[in-house]
Amino acid sequence: MRRTAGGLLFTVVLAACGGEAVQWSDIVYSGAPPEPLDAPAETVEPSLAAGACRASLRIASAGGDSFATWWQVRQDSSVMLMVSRAEREPGVAWSPPVIADSTDHGVRGCGRPAPAIAADAVSGYVHLAYFAEPTSGAGLFFAHSMDSAASFHSPVPIVYGENPSRVSVAAEGDRVAVAYEDPNAGQPLIGIALSATMGHIFENRLNATSDNGRARQPVVRLAGDSIRLWWREYSPSPTVNATRPMYRAGRWD
């Protein structure tokens, strides 16, 4: 359904389950806000042990603390998802890492998408989203900590699928959004899973990009009831490496 609001044209996309809706703006091809970095921030990085996948390191900060996550490879080439915390006080080092998820049984070593991390100053929670291959089935998973990354709840599946997929996570208060490359789509597209319960349950899942594009590399952010989504659109030709940045905003009712 399409409607106008305040002179702007919106597309209302209903989730596959539940009654909530996101009202999306039209896709912006140029003049979009700068894309935030889903990569290490300008802070001192933790010292990683042998076997750590340095390229997978991601860091988020909130409430005066920084939180880092990365993949640690085991001898059989499966991985463990590690998390460490550092307080922004002089002389305070990174804490010994904890294992957020040890269920992976894949044999990809470091050849897998990096995890995503968000630290929420409102709730104090730390949220993770990532692709893993446990015995229950490969797919995209979510885990969070309610005690500043001292421990993590059991992972929650976002969507099952065999294709390794990149993911981004954002959180503010009760709301959590996970944007991901759909691991089952024949044509690359970005999906979003939404939780209004701090990630305990994801009540809604919906497509956020056009079925006609080739959307990859999502980055999502939340601000109140606003969802902002960036991604890259790839050429349909395998011989063309060029991509173009894409953006749209939505209102989460």
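Structural data are supplied above this passage.
The paragraphs below set out a description of the structure included in this document. From a predicted model like this one, the values you see are computed outputs, not experimental measurements.

### Brief notes about the side chain of glutamate 181
Turning to its location among the elements, glutamate 181 is positioned in strand 13 (residues 175-181). Polar side-chain contacts of glutamate 181 include one of 2.9 Å to the backbone nitrogen of glutamine 217. Not counting residues up to four positions away in its chain, the partners in contact with glutamate 181 are Leu140, Pro164, Ser165, Arg166, Leu189, Ile190, Arg216, Gln217 and Pro218.

### So, the pairing of strand 10 (residues 139-145)
Of all 7 residues making up strand 10, 7 are buried, and the element is well covered by its neighbours. Sheet topology note: the strand 9 (residues 126-132)/strand 10 ladder contains 7 bridges and is antiparallel. In the sheet register, tyrosine 130 faces strand 10, and the bridge partner there is phenylalanine 141. Counted along the chain from strand 9 to the antiparallel partner strand 10, the turn is 6 residues long, and its residue glycine 137 has a positive phi close to 130 degrees. The pairing of strand 10 with strand 11 (residues 156-160) spans 4 bridges and is classified as antiparallel. Across the sheet, leucine 140 pairs through a bridge with valine 159, a residue of strand 11.

### So, the pairing of strand 4 (residues 58-62)
Of all 5 residues that make up strand 4, 4 are buried, and the element is covered over most of its length. Note that strand 4 and strand 5 (residues 65-73) share 5 bridges and pair antiparallel. Looking across to strand 5, one finds that alanine 60 is bridged to phenylalanine 67. Hairpin connection of strand 4 to strand 5: 2 residues between the antiparallel strands, including glycine 63 at a positive phi of 60 degrees.

Rules used in this analysis
Residues numbered from 1 in each chain as written. Predicted model: local features only at pLDDT ≥ 70, side-chain atom pairs only at ≥ 80, totals over all residues. Heavy atoms only, no water. Helix = DSSP H or I, 4+ residues; strand = E, 2+ residues; numbered from the N terminus. Polar contact = N/O pair within 3.5 Å; in protein donor to acceptor, adjacent residues only side chain to side chain. Contact = heavy atoms within 4.5 Å. Buried < 20%, exposed > 50% of the residue type's maximum accessible area, 1.4 Å probe, protein only. Pairing = 2+ DSSP bridges.

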